[in-house]
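Spelled out, the chains give:
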Amino acid sequence: MNRLRVLVLAAESSLLYNIYLLLSVSLDHEWARTRAAGGQFVTFPISVRILYFLMAIFMGVLMSWLWGKRNGITTIGGQRITGVLVVVFSLSTIFQLISRSPDERWNAIPAFILAFTFFRLQRDSK
């Protein structure tokens, strides 16, 4: 198994974790309160819960797209999308690291894995 396949597998695992966390916020599970939104809420407001639910859907779509990339399926504009995702997950890594919540800082690990994976995918597709 080549390194890129292993990296994509790690990224898919990171996306699964993100989906689980985002859906947990959407359902206002107690364990997620210190791991999302800066750990600032005792209960998540409905607006945050809706936003996190939409983000969970996006992560699912992203996981499907990444699975297609893993299997050699390319789409028009794939390199541009990959570049945007590098920026998004790089920023996410930074924001997770500077969070006031120690539990939320751990979210930087899957964010970094995703940023690095999309960086490699972008670099390898050139």
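Residues numbered from 1 in each chain as written. Predicted model: local features only at pLDDT ≥ 70, side-chain atom pairs only at ≥ 80, totals over all residues. Heavy atoms only, no water.

A.B. asks: Kindly report on the environment of Met-63, identifying the contributing residues and their values.
C.D. replies: Examined against the element boundaries, Met-63 turns out to sit in helix 2 (residues 46-70). Sequence-wise, Met-63 and Ala-108 are 45 residues apart; in three dimensions their C-alpha atoms are separated by 18 Å. Residue contacts for Met-63: discarding those within four places in its chain leaves Glu-12, Leu-15, Leu-16 and Ile-19. (Helix = DSSP H or I, 4+ residues; strand = E, 2+ residues; numbered from the N terminus. Contact = heavy atoms within 4.5 Å.)

A.B. asks: Which residues make up the packing of helix 3 (residues 78-97) against helix 5 (residues 108-124), and what values do they have?
C.D. replies: In the contact formed by helix 3 and helix 5, the axes pass within 8 Å of each other and the chain directions differ by 155°. By the angle between their axes, helix 3 is roughly antiparallel relative to helix 5. The element helix 3 and its partner helix 5 pack so that their crossing is left-handed. Across the interface between the two elements, Gln-79, Thr-82, Gly-83, Leu-85, Val-86, Phe-89, Ser-90, Ser-92, Thr-93, Gln-96 and Leu-97 of helix 3 pack against Ala-108, Ala-111, Phe-112, Leu-114, Ala-115, Phe-118, Phe-119, Leu-121 and Gln-122 of helix 5. Broken down by class, the residue content of the contact of helix 3 with helix 5 amounts to 12 nonpolar, eight polar and no charged. (Axes fitted to C-alpha atoms, helices over the stretch in contact; angles between N-to-C directions. Parallel < 35°, antiparallel > 145°, perpendicular 65-115°, else oblique. Left-handed = near helix turned anticlockwise from the far one by under 90°. Nonpolar A, V, L, I, M, F, W, Y, C, P; charged D, E, K, R; others polar.)

A.B. asks: Please give an account of the packing of helix 1 (residues 3-26) against helix 5 that cites residues and values.
C.D. replies: Two numbers describe how helix 1 lies on helix 5: the axes approach to 9 Å, and their chain directions differ by 140°. With respect to helix 5, the element helix 1 is oriented oblique. Along this stretch, helix 1 crosses helix 5, giving a crossing that reads as left-handed. Where helix 1 abuts helix 5, its residues Leu-4, Leu-7, Val-8, Ala-10, Ala-11, Ser-14, Leu-15, Tyr-17 and Asn-18 lie against Pro-110, Ile-113, Leu-114, Phe-116, Thr-117, Arg-120, Leu-121 and Asp-124. Among the residues forming the contact of helix 1 with helix 5, the class breakdown is 12 nonpolar, three polar and two charged.

A.B. asks: Before we move on, could you go through the nonpolar core and cite the residues and values that matter?
C.D. replies: In this structure, Val-25, Leu-62, Phe-89 and Phe-118 are the most contacted members of the largest nonpolar core, which totals 26 residues. The set of elements that each furnish at least two residues to this core consists of helix 1, helix 2, helix 3 and helix 5. Examining the composition of this core, we find that eight residues originate from one element, helix 2, more than from any other. Excluding residues that lie within four positions of it along the chain, Leu-62 makes contacts with Leu-15, Leu-85, Phe-89 and Phe-118. (Core = buried A, V, L, I, M, F, W, Y, C linked by side-chain atoms within 4.5 Å. Buried < 20%, exposed > 50% of the residue type's maximum accessible area, 1.4 Å probe, protein only.)

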